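# Coordinates in review
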Amino acid sequence: MARGLLLRLALSALCAAGAAAFLYHDYCVLGAGPAGLQAAYFLQRAGRDYVVLERSHAPGSFFAIYPRHRKLISINKRHTGKSNGEFNLRHDWNSLLSHEPRLLFRRYSRHFFPHADAMVRYLEDFAALLGLRVRYHTAVVHVTLEKDPRAWHGHYFVLSDQNRRSYKCSCLLVATGTWVPNVVNFPGSEYVEGYETVSTNPEDFAGQTVLILGRGNSAFETAENILGVTNFIHMVSRSRVRLSWATHYVGDLRAINNGLLDTYQLKSLDGLLEGDLEDLAIVKDKKGKLHITLRFYLENSNTSAGIDGVTLPQDELDNFATRAPYDRVIRCLGWKFDFSIYNRSLRMMPGRGNKSKYPQIKPSYESRGTRGLFVLGTASHSIDFRKSAGGFIHGFRYTTRAVHRLLENRHHGVPWPSTVYPITQLTNSIVKRVNEASGLYQMFSVLADIVLLRENATEFEYLEEYPVGILAELETQTGRKAPAGLFVVIMEYGRNFSGDDKDVFYYNRAVGEAQHAWQSNFLHPVIYYYRRLPTEREVRLRPPDWPLPRPDAIHHIVEDFLTDWTAPNAHILPLRRFLENCLSTDLRNFFAESCFLFALTRQKLPPFCQQGYARMQGLAGSESLRRHAVQAGLLEDYAATDFSGDKLPDSLPESQDQLLRDHVVPLRPLHHLVNAKDEF
């Protein structure tokens, strides 16, 4: 920390003296969208030296334009029936994390699917109310590395803006999102209109036939807007339609936009087709109509003669699906990351396959090519693409916090936040988190709570929302130790429940019995137990579709229709017995009488008795506790004797000592205490 302070002072002095034409900050954040503002909030709360660079005049510039038809598909559930703020964030997909209660998105819109302008207002207020340090009208056009052994990672990041002003930082947080339109080039693609520029006025499409390229939410959003005014709409894409309620992936087609599926399946002229867009070609006739053909037909035709010299598929197959000419063709193929501003020295490489629109990053969200460069927000979605919610606000607000905690430990010696509890609180701690935590719930299979066991299993240390992809690096990344094993608490869907070809509404799709919890289909908590921290090799060679390597023991808490895992017999008791088996101990709470009997008859006291009774720190007495003990048969009900007043009645001449001797509490049989495993 002292080294960083001296470095900042030295660099500031150089700038003031005119010896360096740059502005230095420890952290540079690219982009003032949701992820950039979220990162800025955590940096500011920690008192770090940072700046956010934003090309536009205000934060959230993407939402000022997109979605084009202005309805967000991120839900804004204002009422849940509960007052717990953490729980309510499970169903608030738009709020960022902060300490300010005014910055909850439900205060900005009453709509379940809000208008995008509400998001713009929200982000403007988030930056202003929290006083975040954002430099607007600053478009970074080039990023490169400058080697320097004094820097945190052996190099600085040098950023240049449109005015040739330079910024130098030790750590670069890229939160620019994916905003470059995906474009497919084929013969005739110059006749295609882009989603980013096409008219949003339905009347401009009245009586027209339209072909849409793409099959994601932007394509169906566009179709939904013009569905009632067109002759018909056809939609073509390489992949099949994937419905989010079938795949459990929020980025797939949402029900709010799928009206065209109805009109297709009910044969009302509209339709869906599969095909490789790169094999297509478009030919325009003299009337301005657009004809679809195939590239190899065009390559073998005399194009100088116009459309009459071009072979069309219907010339050989007269019932070819797209034989009718179109008035308009619209491209709705989504977005990709802008790699153009990064110098080759940073080695910012695109991912492989269907992740090519994202940069390659490690499970810690750090670039694979350059140490100290982290990717946040939508652009970091390669970690959990088509699996979890890391590409969306309700997911990356938590992964951004995780990255901040990693940086705090790496650069400032601040360990990952944790809380130490006595081992008797283990069951309660896990039950509380799986019922309330939003980060675990939204970033299922990606973020997990870690329970680090202390020696002799008398205490444990609880860490929240750690990236499971770097579990093997836990001690280095968090500054915490795992000397005696650990539990990993994570949320998962059933492995074979969702997918393109799955019938997710089949009869008896839910599991209700605790003994069949491992077959649970819906989102449910899973607890992994490891006697030691897994190695990097074990994490790398974990079974396919497993978020973690094979544990020494595993426990599924059975799925629940209300996502309320508090049922004593179905949820809590099986969990407690699993934990007890792993720890070879008894996690129940006991009255002093029970602890006394254990001390007389057993070699090892349960932890509750060790930490309470044996140290003369028993339960504080109260009337409700006394009644509970009487009902359990552990205490005599002295109140059953009807005495009035403070003095002994005249009818009982015996001394007070004699009265107490007559009301000795009989000892209960030992088996009642030792074998009562159903006691909570």
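This text gives an overview of the structure that appears in the document.

Parameters and conventions
Residues numbered from 1 in each chain as written. Predicted model: local features only at pLDDT ≥ 70, side-chain atom pairs only at ≥ 80, totals over all residues. Heavy atoms only, no water. Helix = DSSP H or I, 4+ residues; strand = E, 2+ residues; numbered from the N terminus. Contact = heavy atoms within 4.5 Å. Areas by Shrake-Rupley, 256 points an atom, 1.4 Å probe, with all protein chains shown as cover. Expected span 1.5 Å × (residues − 1). Buried < 20%, exposed > 50% of the residue type's maximum accessible area, 1.4 Å probe, protein only. Pairing = 2+ DSSP bridges. Axes fitted to C-alpha atoms, helices over the stretch in contact; angles between N-to-C directions. Left-handed = near helix turned anticlockwise from the far one by under 90°. Parallel < 35°, antiparallel > 145°, perpendicular 65-115°, else oblique. Nonpolar A, V, L, I, M, F, W, Y, C, P; charged D, E, K, R; others polar. Polar contact = N/O pair within 3.5 Å; in protein donor to acceptor, adjacent residues only side chain to side chain. Phe/Tyr/Trp six-rings, centres within 6.5 Å; stacked < 30°, edge-to-face > 60°. Lys NZ or Arg CZ within 6 Å of the ring centre and 35° of its normal. Salt bridge = Lys/Arg side-chain N within 4 Å of Asp/Glu carboxyl O. Right-handed = clockwise from strand over helix to strand, strands pointing away.

## Quick notes on the overall build of the protein chain
When its secondary structure is counted, the protein chain shows 19 helices and 22 strands. In the protein chain, once contacts between residues fewer than 6 apart in sequence are set aside, the share between residues at least 24 apart is 66%. Of the roughly 33000 Å² that the protein chain leaves accessible, carbon and sulfur atoms contribute 50%.

## Re helix α4 (residues 116–129)
Helix length check: α4 (14 residues) gives 20 Å between terminal C-alpha atoms against 20 Å at 1.5 Å per residue, within 8%. Turning to α4, its buried residues are Ala-116, Ala-118, Met-119, Val-120, Tyr-122, Leu-123, Phe-126 and Ala-127. The inward-facing, buried residues of α4 contact α2 (34–45) and α9 (393–412). Immediately downstream of α4, the backbone of Gly-131 shows phi near 65 degrees, a positive value.

## Some thoughts on the sheet that holds strand β8 (residues 193–194)
The pairing of strands in a sheet comes from backbone hydrogen bonds and takes either a parallel or an antiparallel form. Across the sheet, 5 strands lie side by side as β8-β14-β9-β10-β11; this open sheet has parallel pairing. At either end of the open sheet lies a strand with only one pairing partner, and these are β8 and β11 (271–274). Where strand β10 (residues 232–237) lies against β11, 4 bridges are found, and the strand directions are parallel. Residue pairing in the sheet places His-234 in a bridge with Gly-271 of β11. Packed onto the sheet, helix α5 (residues 217–226) meets β9 (209–213), β10, β11 and β14 (328–331) and runs at close to 175 degrees relative to β10.

## Points about the packing of α2 against α9
Two quantities define a packed helix pair, namely the angle between the axes and the distance from one axis to the other. As a packed pair, α2 and α9 sit with axes 9 Å apart at the nearest point and diverge in direction by 35 degrees. The chirality of how α2 crosses α9 is right-handed. In this structure, α2 contributes Pro-34, Ala-35, Gln-38, Ala-39, Phe-42 and Leu-43 to the contact, and α9 contributes Ile-393, Phe-396, Arg-397, Thr-400, Arg-401 and His-404.

## Quick notes on the packing of helix α10 (residues 426–436) against helix α14 (residues 568–583)
In the contact formed by α10 and α14, the axes pass within 10 Å of each other and the chain directions differ by 130 degrees. Regarding the angle of α10 to α14, the classification is oblique. For the crossing formed where α10 meets α14, the hand is right-handed. Of the residues in α14, those in contact with Leu-426, Thr-427, Ile-430 and Val-431 of α10 are Ile-572, Leu-575, Arg-576, Leu-579 and Leu-583. The residue inventory of the contact of α10 with α14, partitioned by class, reads 7 nonpolar, 1 polar and 1 charged.

## Let's talk about unusual backbone geometry
In this chain, Tyr-66 is followed by Pro-67 through a cis amide linkage whose omega measures -5 degrees. The phi dihedral of Asn-456 is positive, around 65 degrees, even though this residue is not glycine. Within the secondary structure layout, Asn-456 lies in the loop between β18 (447–453) and β19 (459–467).

## Considerations on the side chain of His-556
Following the sequence through the fold, His-556 ends up in strand β22 (residues 553–556). Polar contacts involving the side chain of His-556 include one to the side chain of His-524, which spans 2.9 Å. Dropping the residues within four chain positions of it, His-556 is found in contact with Ala-517, Trp-518, His-524, Pro-525 and Val-526.

## Thoughts on the packing of aromatic side chains
Taken as a whole and judged by the stated rule, the model has 28 aromatic pairs. Ring geometry for Phe-337 against Phe-339: centres 4.9 Å apart, planes inclined by 75 degrees, an arrangement best described as edge-to-face. An angle of 75 degrees between the planes, with centres 6.4 Å apart, marks the rings of Tyr-528 and Trp-546 as edge-to-face. Of the two residues, Tyr-528 sits in strand β21 (residues 524–530) while Trp-546 sits in the loop between α13 (536–540) and β22, which places them 18 residues apart along the sequence. Of the two residues, Tyr-528 and Trp-546, both sit in the buried class. Chaining the aromatic ring pairs together yields one cluster made of Tyr-41, Phe-42, Phe-105, Tyr-108, Tyr-122 and Phe-126. Sitting over the ring of Phe-87, Lys-82 keeps its end group 4.3 Å from the ring centre. Here the basic side chain of Arg-328 rests over the ring of Phe-205, its NZ or CZ set 4.2 Å away from the ring centre.

## Some remarks on the pattern of salt bridges
If you walk through the whole model with that rule in mind, you get 26 salt bridges. Between Asp-252 and Arg-242 there is a salt bridge; the shortest N-O distance is 3.7 Å. Here the residue Asp-252 occupies a position in the loop between α6 (244–247) and α7 (259–265), and Arg-242 occupies one in the loop between β10 and α6, the gap between them amounting to 10 residues. Judged by relative accessible area, Arg-242 falls into the partly exposed class, the value being 27%. The partner of Glu-538 in a salt bridge is Arg-532, with the nearest N and O atoms 2.7 Å apart. It is possible to trace a salt-bridge network through shared partners that takes in Arg-401, Arg-433, Asp-449, Glu-464 and Glu-465.

## So, the pairing of strand β5 (residues 155–161)
Among the 7 residues that make up β5, 7 are buried, leaving the element largely enclosed by the rest of the structure. Side chains of β5 alternate between two faces, with His-155, Phe-157, Leu-159 and Asp-161 and Tyr-156, Val-158 and Ser-160 buried alike. By the bridge criterion, 7 bridges tie strand β4 (residues 140–147) to β5 in an arrangement that is antiparallel. Looking across to β5, one finds that Thr-144 is bridged to Val-158. Where β5 lies against strand β6 (residues 166–174), 4 bridges are found, and the strand directions are antiparallel. Each bridged residue has a counterpart across the sheet, and for Leu-159 the counterpart in β6 is Tyr-167. In textbook terms, the turn of a hairpin is the stretch between consecutive antiparallel strands, and for β5 and β6 this stretch comprises 4 residues, one of which, Arg-164, has a positive phi near 65 degrees.

## A closer look at the sheet that holds β21
Spatially, 6 strands are ordered β17-β19-β18-β20-β21-β22 in an open sheet, and the strand pairing comes out antiparallel. The open sheet has two free edges, formed respectively by β17 (418–422) and β22, since each of these has just one partner strand. Across the sheet, the mean angle separating the axes of adjacent strands is 20 degrees when strand polarity is ignored. For strand β20 (residues 486–492) and β21, the ladder comprises 7 bridges, and the chain directions are antiparallel. The partner of Met-491 across the bridge, within β21, is Pro-525. Contacting β18 and β19, α9 runs over the sheet at an angle of about 120 degrees to β19. Strands β17, β18, β19, β20 and β21 of the sheet are contacted by α10, whose axis makes an angle of about 20 degrees with β19.

## Here we look at the pairing of strand β2 (residues 50–53)
Of the two faces of β2, both are covered, the one formed by Tyr-50 and Val-52 as well as the one formed by Val-51 and Leu-53. Bridging between strand β1 (residues 22–30) and β2 involves 4 bridges; their strand directions are parallel. For Val-29, the partnering residue across the bridge sits in β2 and is Val-52. You can see the chain leave β1, run along α2 and come back into β2, and the turn it takes is right-handed. The pairing of β2 with strand β3 (residues 134–135) spans 2 bridges and is parallel. By the bridge assignment for β3, Leu-53 is matched with Arg-135.

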